[in-house]
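Below, each chain spelled out in residue letters.
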Amino acid sequence: MLTNTLSYNQFMNPVVLATPISGIRLVNSWESKISLKNQIFLNIGQPDLPTPDYIKEAVVQALEKDKTRYTNILGEKYLREAIVEFQKESHNLSYSSNEVLVTAGGQSAIFAVLNSILSPKDNIVIPFPSYPPYLNVVKYCRSKIIPLETKGEEDFDINIEKLEVILKSNPVKVFLLISPSNPTGTVIPLRTLEKIVDLSIKYNFLIISDEIYSDIIFDKLPYTSIASFPEARERTIIIQSFSKMLSMCGFRIGYILAPTPIIDQVKVIHHTMTICANNLAQYAAYKALEDKKQLKNSILHLVHTYQDRRNLCMGILKESASFSVSKPRGAFYLFPKADSINMIEFCQWLKYNYGVTTVPGSYFSLEQIKEHHQYLRICYTAEKEKLMLGMNKIVSAIEAFKKK
Ligand SMILES: Cc1ncc(COP(=O)(O)O)c(C=O)c1O
């Protein structure tokens, strides 16, 4: 076998070298003494429920209909029109089909949107903990993150006073809102959204609203998109996806909702990245929305499943003297805290000795926000028996770890 003699880092972009692979995947490579078949993975935010049959069948139909060519850059008009109708009916949002850009999942929407807006040295306010890819993309743009710490004691709500302190002393171009949140499951309350809207007008910034979990809401809580405030609509860019609400992660299909002048710029970057979203997946997404009865039933089933599991996991964590946790109202994540525990060490130890994979909270935050280093993220996307077993192991492991 030939060995390489070159030091490849000399050729790589230093910014790329300085941006790590997502910690959510990294934990998969950690060692465990438990055999793979007996391990429990609670680290990847991907619904374990299968894609509904009627959507799978639509992929076959798409092939039969020869949906194998490039589509319109914005995405097929029939899908954009179906998205407009769905968002009107489910979240009272009013968009036209020219204000929709179909993307290769929420992830490519994030990349295209941030690259369309951020120039070097521009400031973006990101509440932490946050979804890590945003940090990487901001770094690629050579822009500056101004962190806003959110606290477990405040249910990870956005502290408006702290936000205004930042806005008073820094020119801010964008504020990032992720609600329901990954990794905390927090749904930002209406009163906070109203204040963010007021601030966005007072300090003239754009809002990127990542709403990919907007249809996974528990306890019959109403969900309000910040773009449904008339004053906010013109300054909001919504990131959306089919991945989570319909177990369609592998389809790689999402979309952006924004005023046309923004879409016209973002579409250029998205076209440069991928030309267009996958044609077969666009057809399947269209069929997913077209059959309203099956759509409603599929989402309801998913929400009930994860609400039950949330309750189950909360019950187990509440019994533990070591963990405290705030009640998530959406998505499928728990973000519990164990005081004074180094969670990177604990999560590695947990995986090695008990075979349960979770993600340390620090992977969703910054080095300087020490408070978040005592948290871990658990995805309750494993079937009930396995999940119960995994949760009980986490709770026993923390006691054993403390006695070490
Ligand atoms: C908050 C958030 N935004 C965007 C994404 C990207 O999802 P996808 O590209 O599958 O739509 C994820 C995935 O976990 C996420 O949690």
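Below is a short write-up of the structure. (Residues numbered from 1 in each chain as written. Predicted model: local features only at pLDDT ≥ 70, side-chain atom pairs only at ≥ 80, totals over all residues. Heavy atoms only, no water.)

### Some thoughts on the packing of helix α7 (residues 160-169) against helix α8 (residues 190-202)
The contact between α7 and α8 brings their axes to 11 Å, and the two run at 10 degrees. In terms of orientation, α7 lies roughly parallel with respect to α8. On α8, the residues that touch Ile160, Leu163, Glu164 and Leu167 of α7 are Thr192, Lys195, Ile196, Leu199 and Lys202. Tallied by class, the residues present in the contact of α7 with α8 amount to 5 nonpolar, 1 polar and 3 charged. (Axes fitted to C-alpha atoms, helices over the stretch in contact; angles between N-to-C directions. Helix = DSSP H or I, 4+ residues; strand = E, 2+ residues; numbered from the N terminus. Parallel < 35°, antiparallel > 145°, perpendicular 65-115°, else oblique. Contact = heavy atoms within 4.5 Å. Nonpolar A, V, L, I, M, F, W, Y, C, P; charged D, E, K, R; others polar.)

### Some words on the environment of serine 32
Take serine 32: it is sitting in the loop between α2 (23-26) and β1 (40-41). Among the polar contacts listed, one links the side chain of serine 32 to the backbone nitrogen of isoleucine 34, at a separation of 3.1 Å. Polar side-chain contacts of serine 32 include one of 3.5 Å to the backbone oxygen of tyrosine 352. (Polar contact = N/O pair within 3.5 Å; in protein donor to acceptor, adjacent residues only side chain to side chain.)

### Concerning empty space enclosed by the protein
For the coordinates displayed, the defined rule picks out 1 cavity of 30 Å³ or more. Approximately 150 Å³ is the volume attributed to the largest cavity. For the largest cavity, the lining is made up of 14 residues, of which Pro127, Pro129, Phe156, Ile178 and Ser181 are closest to its centre. Put simply, the parts of the chain that give the lining of the largest cavity at least two residues each are β3 (123-128) and β5 (174-178). Here the lining of the largest cavity takes 3 residues from β5, the largest share from any one element. Classifying every residue of the lining of the largest cavity by side-chain character gives 9 nonpolar, 5 polar and no charged. (1 Å grid on protein atoms, 1.4 Å probe; cavity = no way out; pocket = protein on both sides within 12 Å on 5 of 7 lines; lining within 4 Å. Points joined across faces, edges and corners; volume = space filled by probe spheres on them.)

### Considerations on a nonpolar patch on the surface
There is a patch of nonpolar side chains on the surface, built from Leu6, Tyr8, Phe11, Met12 and Leu17 and spanning about 520 Å² of accessible area. Within the secondary structure, tyrosine 8 is located in the segment before α1 (14-17). A relative accessible area of 42% places tyrosine 8 in the partly exposed class. (Patch = residues over 30% accessible without salt bridge, like charges linked within 9 Å, V, L, I, M, F, W, Y side chains within 5 Å. Areas by Shrake-Rupley, 256 points an atom, 1.4 Å probe, with all protein chains shown as cover. Salt bridge = Lys/Arg side-chain N within 4 Å of Asp/Glu carboxyl O. Buried < 20%, exposed > 50% of the residue type's maximum accessible area, 1.4 Å probe, protein only.)

### Overview of the sheet that holds β5
The strand order β2-β8-β7-β6-β5-β3-β4 describes an open sheet built from 7 strands, whose pairing is mixed. Looking along the sheet, the strands with just one partner apiece sit at the ends: β2 (100-103) and β4 (144-149). Shown here is a sheet whose adjacent strand axes are inclined to one another by a mean of 20 degrees, direction ignored. Sheet analysis places β3 next to β5, joined by 2 bridges and oriented parallel. For isoleucine 124, the partnering residue across the bridge sits in β5 and is valine 174. Of the strands in this sheet, β2, β7 (236-241) and β8 (254-257) touch helix α4 (residues 77-91), which is tilted by about 110 degrees from β2. (Pairing = 2+ DSSP bridges.)

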